[in-house]
Amino acid sequence: MTPGSSNPFAESAGQALLGGQYDEARRLAGMGLSLYPDDQELLEIAALGAEGCGHHAQAVTYWQRLLALHPERVDAANQLGLILEQQDQSAEAEALFRQALSLAPQDASLHGNLGLTLESQGQLEAALACQQKAIALAPHAASLHTNLANLLVRLDQHQEAEQTYRHALQLDPQHAPALANLAVLYSDQHREEEAEPCLRQALALEPNSITYRANLGQLLLAQGKWTEGWPLHESRLELRLLRSGRASPYILPSQSSCPRWQGEALAGKTIL
């Protein structure tokens, strides 16, 4: 956040944001903006508060207003690009990352984010160049090595991907995405005994991850470990998006008018 704002709402809104009170931060910043509509600190707080509450459309509006007033704000372009990428507006996200890189060409995270949005558009070779550039600028960032490994999997370079995941874990042994994605790679290669401890460690690090729970459930079921596997497998119903960005292939209870089967007799009934 930018220090020195004269807006009396800025301090209280900023404190709410730092305390994780995203809705309160958004409310206070919004009140301040009604009096000081061009205050960049309040626009930033309002955008971050809206993001924290899941109000992504509102966050986009605030970031766009901030960028219109201050096009030099690389951080704002990056944040807006990340939201647009999540909303499948990859071309718009790409333009923002490129705009930011024109101002900050040595920013490793920007190169990495551009690589991710190019990957989502299927431009895998261009994405690879971006990820390699990002790592050259920040060679000790485990997250960047993980992004590169994910891309190598898509390029069918599985041995190189495994080595890159392992290098990410050497840099940060508790990097949960590297553990989880390495587990998926092992599972795809029918190396379940190696995949399981990786997934368990990832889930221990991020116990609220629906994806990790669902993946572990599927892996356990594949090994015939029914008692533990079935409850974890239920997490699949909570998935809205897969890691690849595709819609979940499962029919969610909220998407169907049919009641879920609870084990009752099915005589004379139909089950989907």
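Overview of the structure. Each chain has its residues counted from 1, running along the sequence as written. Local features in this predicted model are restricted to residues whose pLDDT is 70 or higher, and side-chain atom pairs enter the listing and the counts only when it is 80 or higher, whereas totals over whole chains, interfaces and linings include all residues. Side-chain numbers come from the whole structure's heavy atoms, not from hydrogens or water.

**Some words on the pattern of salt bridges**
Salt bridge, as used here, is a side-chain nitrogen of Lys or Arg placed within 4 Å of a carboxyl oxygen of Asp or Glu. This structure, assessed with the given rule, holds 14 salt bridges. Between R154 and E119 there is a salt bridge; the shortest N-O distance is 3.8 Å. One end of the pair, R154, is in helix α9 (residues 142-154); the other, E119, is in helix α7 (residues 108-120), with 35 residues separating them in the sequence. Classification of residues uses two cut-offs on accessible area relative to the type maximum, computed with a 1.4 Å probe and protein chains only: under 20% is buried, over 50% is exposed, and between them is partly exposed. A relative accessible area of 46% means that R154 is categorised as partly exposed. Strands here are runs of E lasting at least two residues and helices are runs of H or I lasting at least four, both read from the DSSP assignment and numbered beginning at the N terminus.

**A few points about the packing of aromatic side chains**
Any two of the Phe, Tyr and Trp rings considered here, Trp counted by its six-membered ring, make a pair once their centres fall within 6.5 Å; the pair's planes then place it as stacked at under 30 degrees, edge-to-face at over 60, or tilted in between. All told, the structure shown has 1 aromatic pair when counted by the stated rule. Plain terms: the ring middles of W226 and W230 are 6.4 Å apart, the flat faces sit at 20° to each other, and that makes the pair stacked. With W226 and W230 both in helix α14 (residues 226-233), this residue pair falls 4 residues apart, about one helical turn.

**Quick look at the side chain of N147**
Turning to its location among the elements, N147 is positioned in helix α9. On the basis of relative accessible area, N147 is assigned to the buried category, the value being 18%. Contacts: residue pairs with any heavy atoms within 4.5 Å of one another. Non-local contacts of N147, meaning those with residues more than four positions away in its chain, are made with L116 and Q131.

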